[in-house]
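A structural walkthrough
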Amino acid sequence: MIRKYTYGKPVQTDATVIPVSTASGMPAPFTVTETECGEIFVYEMDKADAVFGLGEQLRGMNKRGWIYDSWNYDDPSITEGRSCLYGAHNFILIFGKKMFGAFFDCGGKVTFDIGYGDPDLLTVSAKDTDVYIIEGDSALDIVKQFRTLIGQSYIPPKWAFGYAQSKWGYKCEADIREVFEGYKKNGLPLDMIYLDIDYMQDYKDFTVNKERFPDLAALSAEFKSEGVRLVPIIDAAVKVEEGYSVYDEGVEKGYFCTDAEGKPFVVGVWPGDSVLPDVLNPEARLWFGSQYKALLDRGIEGFWNDMNEPATFYSKGTLQHALAEVAKAVGKNLQVEEYNEVTGNFHRLANNPADHDSFYHNAADGRHVHTDVHNLYGYNMTRGAAEYFAEYAPDKRFLLFSRSSYIGLHRYAGIWTGDNCSWWSHLRHNIAMMPGLDMCGFLYAGADLGGHGDRTTEELMLRWLAFGIFEPLLRNHATQGTRDQEFYVFKNKRAFRDLLGIRYAILPYLYSEFVRCAKTGDMLSRPLCFDYPDDRRARTVEDQLLIGGSIMIAPVVEQNADGRYVYLPARMKMIRMKAGNRYTERIVEKGEYYIEVPLDEVVFFLREGKVMPLAKPAENVASLDEEHLTWLKFITQPAQFTLCRDDGITKSSLEKIETVTVEP
Ligand code: GLC
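Residues numbered from 1 in each chain as written. Predicted model: local features only at pLDDT ≥ 70, side-chain atom pairs only at ≥ 80, totals over all residues. Heavy atoms only, no water.

Examining the overall build of the protein chain
When helices and strands are tallied, the protein chain shows 15 helices and 39 strands. Computed over the C-alpha atoms, the radius of gyration of the protein chain is 25 Å, within 12% of the 26 Å expected from 2.2 N^0.38 for a compact globule of 664 residues. Its C-alpha atoms give the protein chain principal-axis dimensions of roughly 75 × 65 × 55 Å. Scored against the burial criterion, the 664 residues of the protein chain give a buried share of 63%. The contacts in the protein chain between residues at least 6 apart in sequence include a share of 73% that link residues at least 24 apart. Summed over its atoms, the accessible surface of the protein chain is roughly 24200 Å², and 50% of this surface lies on carbon and sulfur atoms. Put simply, the protein chain has 72 plus and 95 minus side-chain charges, and the middle of one group is 5 Å from the middle of the other. (Helix = DSSP H or I, 4+ residues; strand = E, 2+ residues; numbered from the N terminus. Rg over C-alpha atoms; globule rule 2.2 N^0.38 Å. Buried < 20%, exposed > 50% of the residue type's maximum accessible area, 1.4 Å probe, protein only. Contact = heavy atoms within 4.5 Å. Areas by Shrake-Rupley, 256 points an atom, 1.4 Å probe, with all protein chains shown as cover. Lys, Arg positive; Asp, Glu negative; His and termini not counted. Charge placed at Lys NZ, Arg CZ, Asp CG, Glu CD.)

Structural notes on unusual backbone geometry
The phi angle of most residues is negative, glycine excepted, and most peptide bonds adopt the trans form. Here the amide bond leading from Ala 28 into Pro 29 is cis, since omega sits at 5°, within 30 degrees of zero. Mapped onto the elements of the fold, Pro 29 is located in the loop between β1 (2-7) and β2 (31-35). For the peptide bond that leads from Glu 309 to Pro 310, omega is -5°, which places it in the cis range. Phi angles above zero are rare outside glycine, and Arg 59 is one such case at about 65°. Along the polypeptide, Arg 59 turns up in the loop between β4 (50-53) and β5 (66-70). By relative accessible area, which is 27% here, Arg 59 ends up partly exposed. Positive phi is not limited to glycine here, since Asp 128 has a value of about 55°. Structurally, Asp 128 is set in the loop between β10 (121-126) and β11 (129-135).

What about the site of the ligand?
Taken together, Trp 168, Asp 196, Ile 197, Ile 233, Trp 270, Trp 304, Asp 306, Arg 403, Trp 416, Asp 419, His 452 and His 477 form the complete shell of residues around the ligand. In the environment of the ligand, an oxygen atom lies 2.5 Å from a nitrogen or oxygen atom belonging to the side chain of Asp 419. For the ligand, whose accessible area on its own is 300 Å², the fraction buried by protein is 97%. Split by residue class, the shell around the ligand holds 6 nonpolar, 2 polar and 4 charged. (Near = heavy atom within 4 Å. Polar contact = N/O pair within 3.5 Å; in protein donor to acceptor, adjacent residues only side chain to side chain. Nonpolar A, V, L, I, M, F, W, Y, C, P; charged D, E, K, R; others polar.)

Overview of helix α8 (residues 336-347)
Under the 1.5 Å per step criterion, the end-to-end length of α8 is 15 Å for 12 residues, consistent within 8% with the ideal 16 Å. Along α8, the residues classified as buried are Val 342, Thr 343, Gly 344 and Asn 345. In the core, the buried residues of α8 are packed alongside α7 (316-329). (Expected span 1.5 Å × (residues − 1).)

Examining the nonpolar core
The nonpolar side chains of a soluble globular protein tend to be buried with one another. Membership of the largest hydrophobic core comes to 205 residues, with the highest contact counts inside it found for Ile 193, Tyr 292, Leu 399, Phe 487, Phe 530, Phe 604 and Phe 605. With 16 residues, the top contributor of residues to this core is helix α14 (residues 493-520). The contacts of Leu 399, once residues within four sequence positions are left out, are Tyr 154, Pro 156, Pro 157, Trp 159, Ala 160, Met 192, Tyr 194, Val 231, Glu 301, Gly 302, Phe 303 and Tyr 444. The next biggest cluster of nonpolar side chains, apart from the first, holds 25 residues, and it includes Tyr 43, Leu 54, Phe 100 and Ile 114. (Core = buried A, V, L, I, M, F, W, Y, C linked by side-chain atoms within 4.5 Å.)

Some points on the sheet that holds strand β3 (residues 38-44)
Taken in spatial order, the 5 strands line up as β2-β3-β10-β9-β5 in an open sheet, and their pairing is antiparallel. A single partner strand is all that each edge strand has here, and the edge strands are β2 and β5. Here the strands of the sheet are splayed against their neighbours by 15° on average, with no regard to which way each runs. The pairing of β3 with β10 spans 6 bridges and is classified as antiparallel. What sits directly across from Tyr 43, in β10, is Leu 122. (Pairing = 2+ DSSP bridges. Axes fitted to C-alpha atoms, helices over the stretch in contact; angles between N-to-C directions.)

Some words on helix α12 (residues 424-439)
For an α-helix the count is 3.6 residues per turn, leaving residues at separations of three or four pointing the same way. A maximum bend of about 30° is found in α12 at Met 433, where proline Pro 435 lies one to four positions downstream. Judged by how many residues are buried, α12 sits mostly within the fold: 14 of 16 residues are covered. Gly 441, located one to two residues past α12, shows a positive phi value of around 95°. (Bend = angle between axes of the 7 residues up to and from the residue.)

Here's the deal with empty space enclosed by the protein
Scanning the entire structure with this criterion turns up 5 cavities of 30 Å³ or more. What the largest cavity holds in volume is close to 120 Å³. Every residue lining the largest cavity is counted, 14 residues in all, and those nearest its centre are Ala 554, Pro 555, Val 556, Val 597 and Val 603. Contributions of two or more residues to the lining of the largest cavity are made by α13 (458-468) and β35 (601-607). Considering each element in turn, the lining of the largest cavity owes the most residues, 4 residues, to β35. Here the residues of the lining of the largest cavity sort into 12 nonpolar, no polar and 2 charged. Approximately 80 Å³ is the volume found for the second largest cavity. Lining the second largest cavity are Ile 78, Leu 85, Thr 417, Asn 420, His 426, His 429, Asn 430, Met 433, Ala 447 and Trp 464. (1 Å grid on protein atoms, 1.4 Å probe; cavity = no way out; pocket = protein on both sides within 12 Å on 5 of 7 lines; lining within 4 Å. Points joined across faces, edges and corners; volume = space filled by probe spheres on them.)

A look at the pattern of salt bridges
Considering all chains together, one arrives at 52 salt bridges under this definition. For Arg 383, the salt bridge identified is with Glu 387, shortest N-O distance 3.1 Å. One end of the pair, Arg 383, and the other, Glu 387, are both in helix α11 (residues 377-392), 4 residues apart, so they sit about a helical turn from each other. By relative accessible area, Arg 383 is classed as buried at 9%. (Salt bridge = Lys/Arg side-chain N within 4 Å of Asp/Glu carboxyl O.)

Some thoughts on the environment of Ala 447
Structurally, Ala 447 can be placed in the loop between β25 (445-446) and β26 (448-449). Separated by 260 residues in sequence, Ala 447 and Gly 187 have C-alpha atoms that sit 24 Å apart. Beyond its immediate stretch of four places on either side in the chain, Ala 447 contacts Thr 417, Asn 420, Asn 430, Glu 471 and Arg 475.

A few points about the sheet that holds strand β18 (residues 302-306)
Pairing is parallel in the open sheet, where 9 strands are placed in the order β25-β24-β22-β18-β14-β13-β12-β27-β26. With partners counted over all chains shown, the strands left at the sheet margins are β25 and β26, one partner each. Inspection of the sheet shows strand β12 (residues 163-165) paired to strand β13 (residues 192-195) by 2 bridges, in the parallel sense. Paired with Ala 164 across the two strands is Met 192, which belongs to β13.

Considering the pairing of strand β36 (residues 610-614)
Most of β36 sits inside the fold, with 4 of its 5 residues counted as buried. Of the strand pairs in this sheet, β36 and strand β37 (residues 630-634) are connected by 5 bridges, and their pairing is antiparallel. Bridge assignment links Val 611 to a residue of β37, and that residue is Lys 633.

Quick look at the side chain of Glu 513
Structurally, Glu 513 is set in helix α14. Residue Glu 513 is classed as buried on the basis of its relative accessible area, which comes to 3%. Setting aside anything within four residues of it in sequence, one finds Glu 513 in contact with Leu 524, Gly 548, Gly 549 and Phe 641.

Some words on the packing of helix α5 (residues 282-290) against α11
Each pair of packed helices can be summarised by the angle the axes make with each other and by the distance between the axes. The contact between α5 and α11 brings their axes to 7 Å, and the two run at 65°. Our classification of the angle between α5 and α11 gives roughly perpendicular. The handedness of the crossing between α5 and α11 is right-handed. In this structure, α5 contributes Arg 285, Leu 286, Phe 288, Gly 289 and Ser 290 to the contact, and α11 contributes Asn 380, Met 381, Arg 383, Gly 384, Ala 385, Glu 387, Tyr 388 and Glu 391. Considering only residue class, the contact of α5 with α11 consists of 5 nonpolar, 4 polar and 4 charged. (Parallel < 35°, antiparallel > 145°, perpendicular 65-115°, else oblique. Left-handed = near helix turned anticlockwise from the far one by under 90°.)

Following this line, the structure appears as structure tokens:
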């Protein structure tokens, strides 16, 4: 059952797809206090309550014990003390004797204090918000109702489930060829190579640097014939440059965000002075989306949208002020306070709240200052691209994912979780984040494998890959200046080949379960307690996941470990897999065990009564043999599995779903 309450004047977010009429009274079980700054919703938690949700957020699966802001924010220093990341996913699920979900549908900032100020209180602060309270029979039922409310999740093309190599630092065609050859020569599977900002001319969206990439269309066609797609980045901000058609046209049509006087608001991003497409204006949104044509016409079929919180290094006004203050300080002896004042001007430049209060959108429901709709920006940028793709090739599925997001984006695209680091803690964080994302509809999701910043190691990379093969989006990406982390640079190439082999072998399972979950609102990756609600121990497990209906995974997340303790909430069959084509199996009873896991193996657990299809390892998705599947089984009676063997490319073929009966 879903009840909706409205406070103040919420902006139109288009997060939900099913109309729910507004109820009056208290949004029980919350009590509400109205203040000048908005509403405060309070729920007194039971000692044993866990709180799940919030999608892309810090800390563990169970969110209790910290304070979180929904405020899309670009800051690559993702440390434990932070309170927000790149997405605003305002759905929580209280899991305890009383079970309910709550969605705060609000374009601005929302704060979730989940036992931080007072360990027993859940306090949500928001202004101008719709609140949906969802009750149901179980956690899974509540999530399913929520996912139905917000609409079906995006389903990418099947090749987007292959392995991808990316790095900020591939500068030209020769660099891309080197990556392609590196994978090919070493027999390492590959489906995609990503193009970061250096493919553009002077960081101008929808342009290609002719010297570095003389013929992108030919390169893209050549790689595609070998089963590898090129996936370029698109940034939110548009360079200010007369003669650059995207800038000229946007200015002429009034499609950029404006200052109080109606002039385009100038911020600094990669190309220096830039303007922000007003993607909350439906006409401007589609216009910006239509710019992707420049690359679609070159045979490109996938994109990643970046810097769309929107991230700003400065605004023109604040930068000029900071520079002027420095000029005044030249030659002076600065005491610490003065020094901090002068340098602080620079520290405050990026993503400055004062800037957010200084520019405006002409949204579908009227003019809004950016602060009130901040969290909707990346969503609408990405939506514009998806809306245009649907015009460009109505039945075709494109790969599209975004860094910044709000609930609603999940219908149009996936997300990646931004600039993580090559830290073991970030591998654990990656695992813990997956169910929250899933609950909010973001099924096509993943983190930068191996870490984006800092220094990875061969061991971390292998362990991360052994988890990553169960994530829909499997992309090795790193920032410029970091050590090389393409798999072929490491010593034990065979181990990487073996683990990637497992990814392709389990792809029919992962893909079929992905499609089923996207269509039904079921969760693809789940905390153990969602399926074993009466098991108190299961509620505390933070580094194991149920993936699809048939399996449980328990990745190794410690340096120098030769295995790990695994908790089995029920009897399961342990599958020890090597290279995707060899495995051993053993039945293990409910309980806790130390399981050895060598670096080149993956151990997972098949649930009783379940089956799982397996293909042979392949060099890319195009060459995957889905006709000759074998089955992992833990059954005594015939079992059914919903197999999706569509063409992987068209929307219409997604209807081709077979229910296969597997004999014991
Ligand atoms: C941002 C992105 C990162 C990318 C970089 C350069 O930091 O999050 O993935 O490599 O910009 O485009």
